[in-house]
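# Breakdown of the fold
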Amino acid sequence: MPLLLDVRVRTISYFGMLLPLVLLSSMGRGVAAFASPMGAGLLAALLIAAGAMVEDRGGVAHIRAGAALRALAPLLLLAGCAAAATGSRHSRLAWAPPWTFAAVAALLAHIAFCGWRDLAVARDPRHGQRMRFEGFDDASLRMRVRSGEVVIPLDAVRGAERVRLQRGSVVLLRLASRERIGGDAAALPWATLDPLTLVLDEHQLGIDADVFAREALDRAARAGRYRVA
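Treat the numbers as computed from the prediction; the structure is a model and nothing was measured.

## Considering the pairing of strand β2 (residues 140–145)
Where strand β1 (residues 131–136) lies against β2, 5 bridges are found, and the strand directions are antiparallel. Pairing of Phe133 across the sheet is with Met143, part of β2. Adjacent in sequence and paired antiparallel, β1 and β2 are bridged by 3 residues. When β2 meets strand β3 (residues 148–153), the two strands line up antiparallel, connected through 6 bridges. Following the sheet pairing, Arg142 is matched in β3 by Val151. Between the antiparallel neighbours β2 and β3 lie 2 residues.

## Some details on the packing of helix α2 (residues 7–16) against helix α6 (residues 98–123)
Geometry of a packed helix pair, given as the angle between the helix axes and the separation of the axes. α6 packs onto α2 with a crossing angle of 130° between their chain directions and a minimal axis gap of 9 Å. When the interaxial angle is binned, α2 and α6 end up oblique. Between α2 and α6 the crossing geometry is left-handed. Seen from α2, the contacting residues are Val9, Arg10, Ser13, Tyr14 and Gly16; seen from α6, they are Leu107, His110, Ile111, Cys114 and Asp118. Its residues placed into classes, the contact of α2 with α6 shows 5 nonpolar, 3 polar and 2 charged.

## Remarks on the pattern of salt bridges
Within the structure shown, the criterion is met by 13 salt bridges. The salt bridge partner of Asp6 is Arg8, with a shortest N-O separation of 3.3 Å. Of the residues examined, Asp6 reaches a relative accessible area of 21% and is grouped as partly exposed. Of the residues examined, Arg8 reaches a relative accessible area of 65% and is grouped as exposed. Note that Asp137 and Arg142 form a salt bridge whose closest N and O atoms lie 3.8 Å from each other. The network of salt bridges with shared partners includes Arg10, Glu55, Arg70 and Asp118.

## Structural notes on the environment of Ala52
Its place among the elements puts Ala52 in helix α4 (residues 37–55). On the basis of relative accessibility, which here comes to 11%, the residue Ala52 falls in the buried class. Spatially, the C-alpha atoms of Ala52 and Leu69 are 8.8 Å apart, while their sequence positions differ by 17 residues.

## Observations concerning α4
The end-to-end C-alpha distance of α4 is 27 Å, a good match for the 27 Å that 19 residues give at a rise of 1.5 Å each. Every buried residue of α4 is accounted for by Pro37, Met38, Gly39, Ala40, Gly41, Ala44, Ala45, Leu47, Ile48, Gly51, Ala52 and Glu55. Buried residues along α4 sit in contact with α2, α3 (18–23), α5 (60–85) and α7 (202–205).

## So, the nonpolar core
Nonpolar side chains in soluble globular proteins generally cluster together in the buried interior. Ranked by internal contacts, the top residues of the largest apolar core, which has 26 residues, are Leu141 and Leu188. The set of elements that each furnish at least two residues to this core consists of β1, β2, β3, β4 (157–165), β5 (168–175), β6 (197–201) and α8 (209–222). Tallying contributions element by element places α8 first for this core, with 5 residues. Counting 12 residues, the second-largest nonpolar core is a separate cluster that includes Tyr14, Leu21, Leu24 and Leu77.

Conventions adopted
- Residues numbered from 1 in each chain as written.
- Predicted model: local features only at pLDDT ≥ 70, side-chain atom pairs only at ≥ 80, totals over all residues.
- Heavy atoms only, no water.
- Pairing = 2+ DSSP bridges.
- Helix = DSSP H or I, 4+ residues; strand = E, 2+ residues; numbered from the N terminus.
- Axes fitted to C-alpha atoms, helices over the stretch in contact; angles between N-to-C directions.
- Parallel < 35°, antiparallel > 145°, perpendicular 65-115°, else oblique.
- Left-handed = near helix turned anticlockwise from the far one by under 90°.
- Contact = heavy atoms within 4.5 Å.
- Nonpolar A, V, L, I, M, F, W, Y, C, P; charged D, E, K, R; others polar.
- Salt bridge = Lys/Arg side-chain N within 4 Å of Asp/Glu carboxyl O.
- Buried < 20%, exposed > 50% of the residue type's maximum accessible area, 1.4 Å probe, protein only.
- Expected span 1.5 Å × (residues − 1).
- Core = buried A, V, L, I, M, F, W, Y, C linked by side-chain atoms within 4.5 Å.

Spelled out as structure tokens, the structure:
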């Protein structure tokens, strides 16, 4: 699944669709080429790259904006396909080997799937994540993994720090121990070199990393049980 959603793999599908668009439609020269079906396909591929760059800036607003940009790409490609279908060069299809139709169908299926997921992420950045932050209550913070709910007591929190990475931000949530965690603690994203630190990204949290870190510490402090490590 992550491989299918990779930006480079998506771009391959969009560039793969350029050939049938060029074959089925007349293409202008220079800037006029962008008004052709081929231009629509090329602009769709650029939207995928632009959406990834916006998302990598970090923050839930950027994640949603980047996903929304990518969700527009299949619509633009569909417009290009519709324009190509109204062209007058369909006789070229008679020379196409049968496997090319299967290849085009596979490319379109991949593009449609990614567009559907982008639309879901634009609504909720936590969509498709193996672990999701569900919220706080008076004494704990709750996560959702595939095996069910995981409850982390606030008095087990020893620190929360936002760290900026190349692709967005994460929160390093340090805990005193794993023993008091309710649910499948092994399913949580533990740091490789620190078995008591969770690495939570903004897709999993659904809120900005700095907001989550501040809220986790504030709630633990108000409970009167937070202490600095």
